[in-house]
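Here is how the chains run, residue by residue.
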Amino acid sequence: MDINQFQNRKQDHIRLALDEANQASVEFNQWSKVNLLHEALVDLNFSEVSLSSTILNQKEKTPFFISSMTAGHDSSAKINLSLAKACVKKSWFMGVGSQRKELSDNSLAKKSFKEWELIRAQVPDIKLLANIGVSQLISHPIEKIKSLVTSTNAKALIIHLNSLQEVLQIEGTPEFKNSTKAIENLCKSLKVPVIIKETGCGFSKKTLLNLYNLGVSVIDVAGLGGTHWGLIEGARAKQGSLQNQASQTFGSWGISTVQSLIWASEIKKNKKSFEYWASGGIKNGLDAAKALALGATAVGVAQPILKALQISEEQLLVKMNLLEYELKIALFCSGCKNIIELKDKLLLKSI
Ligand SMILES: Cc1cc2nc3c(=O)[nH]c(=O)nc-3n(C[C@H](O)[C@H](O)[C@H](O)COP(=O)(O)O)c2cc1C
């Protein structure tokens with residue numbers, strides 16, 4: 001892998017993800033189809049509202065986590081350190097960006113390991129989720145994949161699925177043959193939970209069920225509604241190139257986060273141990289409340305967090321506080337003391 005090409009790609013991703021033109025258009029974001037029932041006769045104090053959540057079978061203070069973004073290049077260590085410090089302050093989980101660089105044998109791999117050493121030294125209590133793409137899972141020995149969990153001392157390993165991104169990426173590797181078997185094998189041999197996520201295109205009901213049956217611990221739906229990797233890779237490609245043109249055709253490709261969550265909630269009715277998380281286009285605490293009412297146990301945010309951090313570390317904390325404050329308002333005004341009670345307040349318009 002060309003190191004300069006890798007660095008440039010990561011910088012492009014950050015720059016283009018921050019450009020609102022590469023967010024899914026609001027017409028595909030179905031949050032307006034989900035409502036929570038207002039409770040006029042609230043019989044509790046705002047101070048009693050609790051965000052306490054059960055994630056990966058552990059009690060947590062909040063359902064929020066920062067969704068995987070970046071790792072393994074010149075500016076990622078600084079970004080990840082800021083994210084980690086904020087996560088520890090707020091007791092949020094943090095997904096790390098793809099650890100692909102650590103699988104190679106060059107100097108960047110060593111640099112990537114140092115990134116986690118630096119973070120662990122300064123923020124020892126950080127709860128990290130390791131991350132790698134499914135095409136790397138298929139093409140590397142399982143021991144190498146396990147080392148990604150060790151290097152980050154992670155609570156779980158996320159495998160990301162990103163067919164649209166890889167097929168439209170100029171240097172992409174759209175090689176996904178044997179992904180089902182590779183995921184099944186990983187679930188059998190990894191000591192920490194395996195989380196499967198999309199990257200903005202969501203899941204069908206059949207695929208959610210397939211993955212559950214393979215032994216996956218959690219599915220983070222990461223659906224259509226926010227950052228769109230088809231648009232980002234199209235914008236990176238040369239004007240008028242095949243990738244650049246096709247990305248416009250596929251600019252609304254994907255299954256919305258809302259639809260993915262509805263299907264997940266249908267599966268949950270028969271499979272009580274099925275755990276699913278919500279991400280993809282969560283812009284505020286009210287979106288988060290709706291996702292939790294749809295049965296998600298955790299809620300992930302990527303681009304809005306990066307956007308806040310671009311301004312300052314203080315602004316990042318303001319954004320995190322705002323997300324939690326808005327979620328609490330949704331709970332309070334629905335008359336709910338906690339997230340479990342929110343499930344009875346769901347109103348769905350037909351979609
Ligand atoms: C700059 C950037 C880099 C990303 N890199 C990764 C990655 O390495 N691995 C991954 O699983 N997801 C990655 N994602 C996808 C996010 O985790 C998330 O699934 C997606 O952006 C949708 O969430 P959002 O709408 O809140 O941005 C990245 C997102 C951003 C914004």
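Everything here concerns the structure above.
## Some remarks on the overall build of the protein chain
- Summing up its helical and strand segments, the protein chain has 15 helices and twelve strands in all.
- In terms of C-alpha radius of gyration, the protein chain reaches 19 Å, essentially the compact-globule figure of 20 Å for 351 residues.
- Dimensions of the protein chain along its principal axes, counting C-alpha atoms only, are 60 × 45 × 40 Å.
- Within the protein chain, counting contacts between residues at least 6 apart in sequence, those at least 24 apart form 77% of the total.

## With respect to unusual backbone geometry
- Although it is not a glycine, L56 sits at a positive phi angle of roughly 50 degrees.
- Although it is not a glycine, S91 sits at a positive phi angle of roughly 60 degrees.
- Within the secondary structure, S91 is located in the loop between α2 (76-90) and β5 (93-95).

## Some thoughts on the nonpolar core
- With 92 residues, the main nonpolar core has M94, L129, L157, I219, A296 and V299 as its most contacted residues.
- Sort the elements by how many residues they give to this core and helix α14 (residues 313-333) lands first, with six residues.
- Not counting residues within four places of it along the chain, the set of residues in contact with M94 comprises F65, I66, L83, A84, C87, I126, K127, L128 and L129.

## Considering the site of the ligand
- Contacts to the ligand come from 26 residues, most closely from S98, H160, G226, A302 and Q303.
- Taken together, the elements giving at least two residues each to the shell around the ligand come down to α1 (3-18), β7 (156-160) and α13 (303-311).
- Here the element with the most residues in the shell around the ligand is α1; it accounts for three residues.
- Its residues assigned to classes, the shell around the ligand shows nine nonpolar, 16 polar and one charged.

Cut-offs used in this document
- Residues numbered from 1 in each chain as written.
- Predicted model: local features only at pLDDT ≥ 70, side-chain atom pairs only at ≥ 80, totals over all residues.
- Helix = DSSP H or I, 4+ residues; strand = E, 2+ residues; numbered from the N terminus.
- Rg over C-alpha atoms; globule rule 2.2 N^0.38 Å.
- Contact = placed C-beta atoms within 7 Å.
- Core = buried A, V, L, I, M, F, W, Y, C linked by C-beta atoms within 7 Å.
- Buried ≥ 20, exposed ≤ 12 C-beta atoms within 10 Å, placed from the backbone.
- Near = placed C-beta within 6 Å.
- Nonpolar A, V, L, I, M, F, W, Y, C, P; charged D, E, K, R; others polar.

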